[in-house]
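The residues making up each chain are set out below.
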Amino acid sequence: MQSKKNGDISAMNINDTFRHKGLRRKLIEELRSKGITNNEVLEAINRVPRHVFMDSGFINFAYKDQAFPIGAGQTISQPYTVAFQTQLLDIKKMDKVLEVGTGSGYQCAVLIELGAIVYTVERQRELFLKSQPILSKLGYKPKFFFGDGYEGIPAYAPFDKIIVTAGGPEIPQKLLNQLKIQGRLVMPVGSSTSQKMTLIEKVSDEENQKTEHGSFIFVPFLKGRIY
Ligand code: SAH
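Since this is a predicted model, take the numbers as computed values, not measurements.

**Q** Which residues make up the nonpolar core, and what are the values?
**A** Soluble globular proteins tend to bury their nonpolar side chains together. Counting 43 residues, the largest nonpolar core has L31, I45, F53, Y106 and L111 as its most contacted members. Elements with a minimum of two residues in this core: α1 (18-33), α2 (39-47), β1 (68-71), α3 (79-89), α4 (106-113), α5 (125-137) and β8 (195-202). Once you skip the residues sitting within four places of it in the chain, L31 turns out to touch I36, L42, I45, D65, P79, Y80 and A83.

So, in structure tokens, the structure goes:
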């Protein structure tokens, strides 16, 4: 049974109107003009009704290229950021992907649209519970975990790709260990006020290749979990 706090999924409005579709087309053109070049990523974003992931007070802003509050002091990432991280991950169909920070579930939906098999972990129980009925009503079926993403999900490792959607001072070794050789990990790394989008390409068990791809500001990657 769903508790009230998690939303009544039978009442959830998943209507995707012509207006929404039109706004989404404009957003895609905006993302293209800001430098997103991967058409598969843009098309995936074009298929996901972002407004369904937003709290009711922000629905009218769903197709603005901005982050918005989703509860528990967290935000749904800006579409440009979602597109940028997803493009860096270079998702192939059937890639096994670990997402750290389920949040609203929006990034997870974009990954699934690209054909990824997604394992997503969230440390805030409120968001862990809230994102599930939304994704499921839209037909997305990731594997959900409530826990501390610093630990990864060892039972399902290794992963082809790992995406961390919160910013922290360094990449946890446990996540690197759960990445396949030839795999890619993308995480914003830095202080609480600015992070560099960091891509790790795992060359061998001993060697990782690291590159940085511009500055971003994310909500913090925090240890432990919150009931
Ligand atoms: N991918 C999300 C972004 C949400 S913001 C979306 O598309 O909406 C980042 C999320 O990371 C927040 O929900 C926050 O609670 C979560 N987070 C932060 N530290 C974490 C950790 N150690 N383990 C799991 N999730 C974490």
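**Q** So what about α4? Which residues, and what values?
**A** For α4, a buried count of 6 out of 8 residues is recorded, marking the element as mostly surrounded by other parts of the structure. Inspection of α4 places Y106, Q107, C108, A109, V110 and L111 among the buried residues, and these make up the whole buried set. At the exit of α4 stands G115, carrying a positive phi of roughly 95°.

**Q** Tell me what's going on with the packing of α2 against α4, and back it up with residues and numbers.
**A** Helix-helix packing is characterised by the crossing angle of the two axes and by the distance between the axes. Contact pair α2 / α4: the axes reach a minimum separation of 9 Å and the direction vectors enclose 125°. The angle between α2 and α4 falls in the class oblique. Of the two possible hands of crossing, α2 and α4 adopt the one that is right-handed. When α2 is examined against α4, the residues A44, I45 and R47 are found in contact with a partner set consisting of Y106, V110 and E113. In terms of residue class, the contact of α2 with α4 is built from 4 nonpolar, no polar and 2 charged.

About the thresholds
- Residues numbered from 1 in each chain as written.
- Predicted model: local features only at pLDDT ≥ 70, side-chain atom pairs only at ≥ 80, totals over all residues.
- Heavy atoms only, no water.
- Core = buried A, V, L, I, M, F, W, Y, C linked by side-chain atoms within 4.5 Å.
- Buried < 20%, exposed > 50% of the residue type's maximum accessible area, 1.4 Å probe, protein only.
- Helix = DSSP H or I, 4+ residues; strand = E, 2+ residues; numbered from the N terminus.
- Contact = heavy atoms within 4.5 Å.
- Axes fitted to C-alpha atoms, helices over the stretch in contact; angles between N-to-C directions.
- Parallel < 35°, antiparallel > 145°, perpendicular 65-115°, else oblique.
- Left-handed = near helix turned anticlockwise from the far one by under 90°.
- Nonpolar A, V, L, I, M, F, W, Y, C, P; charged D, E, K, R; others polar.

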